[in-house]
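Residue strings, one per chain:
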Amino acid sequence: MKICQVERPLVSTNRIPGFEHKHLLVVRDGSTQQVAVDAVGCVPGDWVICVGSSAAREAAGSKEYPSDLTIVGIIDHWPPETEAAGPRGAG
Amino acid sequence: MEIRQVIGSLVCTHRITGLGHWDLRLLQDTKGKQYVATDPVDARPGDWVFVVSGSAARYAMGNAAILTDLTIGGIIDHWEAHDVAAARPTAALAAKAA
C-alpha cells in the first residue's frame, strides 16, 4: 500500500461502463499524480492509503472491477512535515 | 491509474488474435515517454485520458480474454496541461497537424 494525498475529483463523463459511477480522485504520491477509485468517501486534502494490483479490483467492489489503484483508508493523523514534499501549503 | 495524453493511433494489422480488432492509441506522459493502449472509448488526439494498467486493463476491456496491459479507462472532461508539472506541447501532435 502507499500513502497519497487527495488533490481533487476527476470528472470523466466518457468512461468505460465497468467503472460504473464510482468517484475517481486525483491523488499525489510524492511528485507524481495518479487516479484512484474512492472506496471510502474522502475529500481533497485527506491523506489516504491506496492498494494496487488485484487487491485494487476487489477493494473497489468486485474481482471484475477494472481499477489498478483504490483508496482503502483515510489516515487519522499524518506527520505534518511530510506536507513539505508536496506543493500544497498549509491547505 | 495514470493520466496520459493521446497523440495518435497505431495501425497494426498483423497481431495476435488475443488483441481482437481493438483500436490501439499512442499515448504520451509529461516526460515525453510513449505508450500504447487499447481504446474502448474512442479517444482522439489531444484528449487527456486516464489509463488502467496490469491485469485490471484486461477487465477494463470488458473481457478478461483480451491480451492487453494498458487500457484507456475514460476521457477526462477538463484537464489543463499546466495541471501537470513539466507538461509541454506535444511535438508529435504538431507533426501530425503539419
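Predicted model, so just to flag it, every value in this text is computed and none were measured.

## Some thoughts on the nonpolar core
Where a protein is soluble and globular, its nonpolar side chains tend to be buried together.
Moving on, step 1. Membership of the largest hydrophobic core comes to 28 residues, with the highest contact counts inside it found for L10, F19 and L24 of chain A together with M1, V49, F50 and I72 of chain B.
Moving on, step 2. The element contributing the most residues to this core is strand β4 (residues 48-53) of chain B, with five residues.
Moving on, step 3. Beyond its immediate sequence surroundings of up to four residues, I72 of chain B is in contact with I16 of chain A together with R25, L27, A37, T38, D39, P40, V41, A43, V49, F50 and V51 of chain B.
Moving on, step 4. If you look at the next biggest cluster of nonpolar residues, it comprises 10 residues, including V6, C50, L69 and I71 of chain A.

## Observations concerning the interface of chain A and chain B
Moving on, step 1. With 23 residues of chain A at the interface, the matching set in chain B holds 22 residues.
Moving on, step 2. Around 1,900 Å² of area is buried between chain A and chain B when both sides are counted, 54% of it from carbon and sulfur atoms.
Moving on, step 3. It is N14, I16 and D68 of chain A that lose the most area in chain A upon contact with chain B, and together they represent 28% of the buried surface on that side.
Moving on, step 4. For the pair chain A and chain B, the interface holds zero salt bridges.
Moving on, step 5. Applying the counting rule to chain A against chain B returns 10 residue pairs in polar contact (both at pLDDT 80 or more).
Moving on, step 6. The set of elements that each furnish at least two residues to the side of chain A that touches chain B consists of β2 (24-29) and β3 (32-38) of chain A.
Moving on, step 7. Of the residues in the side of chain A that touches chain B, the class split is 11 nonpolar, six polar and six charged.

## Looking at the pairing of strand β3 (residues 34-38) of chain B
One face of the sheet, then the other: side chains in a regular strand alternate in exactly this way.
Residue and element names in this part refer to chain B.
Moving on, step 1. Of the pairings in the sheet, the one linking strand β2 (residues 24-28) to β3 comprises five bridges and is antiparallel in character. Along β3, the bridge assignment pairs R25 with A37.
Moving on, step 2. The loop that links β2 with its antiparallel partner β3 comprises five residues; one of these, G32, has a positive phi angle of about 90°.

## Re the confidence of the model for chain B
Residues and elements named next belong to chain B.
Moving on, step 1. Residue-level pLDDT values for chain B average 87, and 82% of them are 70 or greater.
Moving on, step 2. Looking over chain B, one finds the lowest element-wise mean pLDDT in helix α2 (residues 91-97), namely 56, and the highest in β4, namely 97.
Moving on, step 3. Across the whole predicted complex the pTM is 0.80, and at the interface the ipTM reaches 0.76.

## What about the packing of aromatic side chains?
Moving on, step 1. Evaluation of the coordinates by the stated rule reveals three aromatic pairs over all chains.
Moving on, step 2. Consider the rings of F19 of chain A and Y65 of chain A, whose centres lie 5.7 Å apart with planes at 85°: the pair is edge-to-face. Taken together, the residues F19 of chain A in the loop between β1 (2-9) and β2 and Y65 of chain A in the loop between α1 (53-59) and β5 (69-74) connect sequence positions 46 residues apart.
Moving on, step 3. On the basis of relative accessibility, which here comes to 3%, the residue Y65 of chain A falls in the buried class.
Moving on, step 4. Taken together through their ring pairs, the aromatic side chains of F19 and Y65 of chain A together with F50 of chain B make up a single cluster.
Moving on, step 5. A cation over a ring is seen here: R4 of chain B above Y35 of chain B, with NZ or CZ 4.5 Å from the ring centre.

What counts and what doesn't
Residues numbered from 1 in each chain as written. Chains lettered and ligands numbered in written order. Predicted model: local features only at pLDDT ≥ 70, side-chain atom pairs only at ≥ 80, totals over all residues. Heavy atoms only, no water. Core = buried A, V, L, I, M, F, W, Y, C linked by side-chain atoms within 4.5 Å. Buried < 20%, exposed > 50% of the residue type's maximum accessible area, 1.4 Å probe, protein only. Helix = DSSP H or I, 4+ residues; strand = E, 2+ residues; numbered from the N terminus. Contact = heavy atoms within 4.5 Å. Buried area = accessible area lost by both parts, 1.4 Å probe. Salt bridge = Lys/Arg side-chain N within 4 Å of Asp/Glu carboxyl O. Polar contact = N/O pair within 3.5 Å; in protein donor to acceptor, adjacent residues only side chain to side chain. Nonpolar A, V, L, I, M, F, W, Y, C, P; charged D, E, K, R; others polar. Pairing = 2+ DSSP bridges. pLDDT = per-residue confidence, 0-100. Phe/Tyr/Trp six-rings, centres within 6.5 Å; stacked < 30°, edge-to-face > 60°. Lys NZ or Arg CZ within 6 Å of the ring centre and 35° of its normal.

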